[in-house]
Amino acid sequence: MLRATVTGRIWSTKRLKEVPAGSILEVVVDGSSTRLLAFDPLGCGEGESVIVATGSVAAAWFPGEAPPIDALIIGSIDEAASARTGK
Amino acid sequence: MLRATVTGRIWSTKRLKEVPAGSILEVVVDGSSTRLLAFDPLGCGEGESVIVATGSVAAAWFPGEAPPIDALIIGSIDEAASARTGK
Amino acid sequence: MLRATVTGRIWSTKRLKEVPAGSILEVVVDGSSTRLLAFDPLGCGEGESVIVATGSVAAAWFPGEAPPIDALIIGSIDEAASARTGK
Amino acid sequence: MLRATVTGRIWSTKRLKEVPAGSILEVVVDGSSTRLLAFDPLGCGEGESVIVATGSVAAAWFPGEAPPIDALIIGSIDEAASARTGK
Amino acid sequence: MLRATVTGRIWSTKRLKEVPAGSILEVVVDGSSTRLLAFDPLGCGEGESVIVATGSVAAAWFPGEAPPIDALIIGSIDEAASARTGK
């Protein structure tokens with residue numbers, strides 16, 4: 001997975017009907033300039049530090065037929081606790 | 001997914017018969033120099049800002065037997081609304 | 001998919017028996033220095049501009065049991081026509 | 001797979017319920033600045049040199065329904081023995 | 001697939017039981033500094049030029065349940081013959 005920071009939200013009216021309703025957030029991978037768009041089932045906000053899973057495992061998370069989604073926010077990082085381990 | 005901008009269209013007469021009829025667009029990933037070719041079911045045009053899903057989830061979107069397609073435009077980005085969130 | 005140019009052919013006598021008979025070409029991804037080896041069912045030649053699909057969708061294209069092939073040339077690009085769209 | 005070094009542990013209270021209980025470690029890929037988050041079933045510690053598998057094979061390792069996990073520590077590297085082969 | 005050169009062997013005593021018995025080699029992708037660990041069913045040696053398949057197609061090659069292996073050496077490159085095509 002990738003550790004990333006939420007930088008914004010994307011709106012898309014013209015889209016495939018198989019794209020699930022819900023938020024698509026823009027994130028920047030920490031320590032890089034890589035930007036990704038990830039589906040967010042958790043209600044994350046700008047500046048939040050998140051865990052992003054990519055590839056077919058993201059699509060497989062959705063119930064029923066797998067949608068064309070290749071990046072999923074699977075968690076929000078507890079900053080204070082995580083910092084304690086040295087990173 | 002990747003946020004990208006459409007830069008052109010690719011024509012291919014000599015191709016596998018399993019490649020679906022339809023547009024294959026060239027896109028550049030925003031904030032990078034990475035160029036991809038993506039199948040476009042939405043009728044996007046040059047300069048349009050789009051959401052691209054990659055990998056096996058792109059192929060799985062097609063009805064019936066999955067074609068050898070690894071990149072799919074799943075939506076067009078509403079620029080004005082998306083800008084409002086800070087990007 | 002990736003737009004790439006064929007630069008050579010690879011020969012491999014010592015290989016897994018599950019690797020299909022046929023050409024494995026070396027290609028360079030346009031606009032980068034990335035080199036890939038891709039299976040070529042289309043009979044492409046050196047200098048030809050091609051469309052390469054990567055990942056499990058490449059293996060799934062083969063009839064029967066999917067071979068350990070992760071890159072497949074799915075088409076050759078019509079240079080003149082494609083140039084007309086602005087790239 | 002990737003050879004990487006463990007640099008810390010991530011804590012995430014707000015997460016999808018499908019994320020398995022257990023450690024998610026932060027690792028840095030050796031010889032690069034790439035950072036990944038990987039699920040650790042082996043109890044590895046900071047500074048340990050590990051083998052990381054990525055993509056859908058990581059999710060498929062879990063018993064039952066595949067979770068949205070795309071990176072898995074599959075082994076710890078025996079440093080002394082591995083060094084003997086020249087790396 | 002990737003063209004790479006074998007640079008060493010990895011030993012791992014502490015590993016998941018689902019990792020198949022056999023060699024895991026370290027390779028460097030030609031023309032880059034990217035290092036990968038790949039399962040080797042062919043008995044390749046240091047300095048050998050090899051073809052590496054990555055992703056789920058590597059795991060699918062194994063008989064029975066797919067192991068958490070995402071890189072597989074599928075062939076050794078015949079240097080002399082391959083050079084003749086211009087690379």
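Residues numbered from 1 in each chain as written. Chains lettered and ligands numbered in written order. Predicted model: local features only at pLDDT ≥ 70, side-chain atom pairs only at ≥ 80, totals over all residues. Heavy atoms only, no water.

Caption draft 1: Spatial organisation of the overall build of chain A. The helix and strand tally for chain A stands at two helices and five strands. For chain A, whose C-alpha radius of gyration is 13 Å, the value lies close to the compact-globule estimate of 12 Å for 87 residues. For chain A, the spread of C-alpha atoms along the three principal axes comes to 45 × 25 × 20 Å. A buried classification covers 54% of the 87 residues belonging to chain A. Of all intrachain contacts in chain A linking residues separated by at least 6 positions in sequence, the fraction that spans at least 24 positions is 49%. As displayed, chain A has an accessible area near 3,400 Å², and 54% of this comes from carbon and sulfur atoms. Across chain A, the 8 positively charged side chains and the 10 negatively charged ones have centroids separated by 3 Å. (Helix = DSSP H or I, 4+ residues; strand = E, 2+ residues; numbered from the N terminus. Rg over C-alpha atoms; globule rule 2.2 N^0.38 Å. Buried < 20%, exposed > 50% of the residue type's maximum accessible area, 1.4 Å probe, protein only. Contact = heavy atoms within 4.5 Å. Areas by Shrake-Rupley, 256 points an atom, 1.4 Å probe, with all protein chains shown as cover. Lys, Arg positive; Asp, Glu negative; His and termini not counted. Charge placed at Lys NZ, Arg CZ, Asp CG, Glu CD.)

Caption draft 2: Spatial organisation of the interface of chain E and chain D. Contact residues are listed per partner, giving 28 residues for chain E and 29 residues for chain D. Here chain E meets chain D over a buried area of about 2,300 Å², counting both sides, of which 57% is carbon and sulfur. Where chain E meets chain D, there are two salt bridges. Joining chain E to chain D, the criterion identifies 10 residue pairs in polar contact (both at pLDDT 80 or more). Counting residues per element, the ones that place at least two in the side of chain E that touches chain D are β1 (2-10), β2 (23-29), β3 (35-40) and α1 (56-60) of chain E. Considering each element in turn, the side of chain E that touches chain D owes the most residues, five residues, to β3 of chain E. Here the residues of the side of chain E that touches chain D sort into 14 nonpolar, six polar and eight charged. (Buried area = accessible area lost by both parts, 1.4 Å probe. Salt bridge = Lys/Arg side-chain N within 4 Å of Asp/Glu carboxyl O. Polar contact = N/O pair within 3.5 Å; in protein donor to acceptor, adjacent residues only side chain to side chain. Nonpolar A, V, L, I, M, F, W, Y, C, P; charged D, E, K, R; others polar.)

Caption draft 3: Summary view of the relation of the copies chain E and chain D. Of the two same-sequence chains, chain E is brought onto chain D (RMSD 0.0 Å, axial shift 0.0 Å) by a rotation of 72°. Look at the turn and shift together and you get a five-fold axis relating the two. (Least-squares fit on C-alpha atoms with pLDDT ≥ 70 in both.)

Caption draft 4: A look at the nonpolar core. Grouped together as the largest cluster of nonpolar side chains are 152 residues, with contacts concentrated most on I74 of chain A, I73 and I74 of chain B, I74 of chain C, I74 of chain D together with I74 of chain E. Residue contacts for I74 of chain D: discarding those within four places in its chain leaves M1, L42, I51 and A53 of chain D together with R15, L16, V19, P68 and I69 of chain E. (Core = buried A, V, L, I, M, F, W, Y, C linked by side-chain atoms within 4.5 Å.)

Caption draft 5: Structural context of the interface of chain A and chain D. At the interface, 29 residues of chain A touch 28 residues of chain D. Summing both partners gives a buried area of about 2,300 Å² for chain A against chain D, and 57% of it is carried by carbon and sulfur. At the boundary of chain A with chain D, the tally comes to two salt bridges. For K14 of chain D, the salt bridge goes to E48 of chain A, with nearest N and O atoms at 2.8 Å. Taken together, chain A and chain D are joined by 10 residue pairs in polar contact (both at pLDDT 80 or more). Those elements giving two or more residues to the side of chain A that touches chain D turn out to be β1 (2-10), β4 (49-54), α1 (56-60), β5 (71-76) and α2 (79-83) of chain A. Of the residues forming the side of chain A that touches chain D, the biggest block, five residues, is contributed by β5 of chain A. Split by residue class, the side of chain A that touches chain D holds 15 nonpolar, nine polar and five charged.

Caption draft 6: Representation of the side chain of S76 of chain B in the model. Summarising the element assignment, S76 of chain B is placed in strand β5 (residues 71-76). For S76 of chain B, a relative accessible area of 8% puts it in the buried group. At 2.7 Å, the side chain of S76 of chain B forms a polar contact with the side chain of E48 of chain B. In this structure, S76 of chain B is in contact with W11, S12, T13 and K14 of chain A together with L42, E48, S49 and V50 of chain B, ignoring residues within four places of it in sequence.

Caption draft 7: Structural detail: the arrangement of the chains. There is a clear gap between chain A and chain E: no contact, and 10 Å between their nearest C-alpha atoms. Spatially, chain B is disjoint from chain E: no contact exists, and the shortest C-alpha separation is 10 Å.

Caption draft 8: Region of interest: the environment of W11 of chain B. All names here are of chain B. Here W11 shows up in the loop between β1 (2-10) and β2 (23-29). The class of W11 is partly exposed, set by a relative accessible area of 35%. W11 sits 46 residues away from V57 along the chain, and the two C-alpha atoms are 23 Å apart.

Caption draft 9: Structural view of the pattern of salt bridges. All told, the structure shown has 30 salt bridges over all chains when counted by the stated rule. For E18 of chain A, the salt bridge goes to K17 of chain A, with nearest N and O atoms at 2.8 Å. Classification of E18 of chain A as partly exposed rests on a relative accessible area of 30%. Salt-bridge contacts for R3 of chain D lead to E79 of chain D; the nearest nitrogen and oxygen are separated by 3.6 Å. Of the two residues, R3 of chain D sits in strand β1 (residues 2-10) while E79 of chain D sits in helix α2 (residues 79-83), which places them 76 residues apart along the sequence. Taking the relative accessible area as the measure of exposure, R3 of chain D reaches 12% and is therefore buried. The exposure class of E79 of chain D is partly exposed, given its relative accessible area of 41%.

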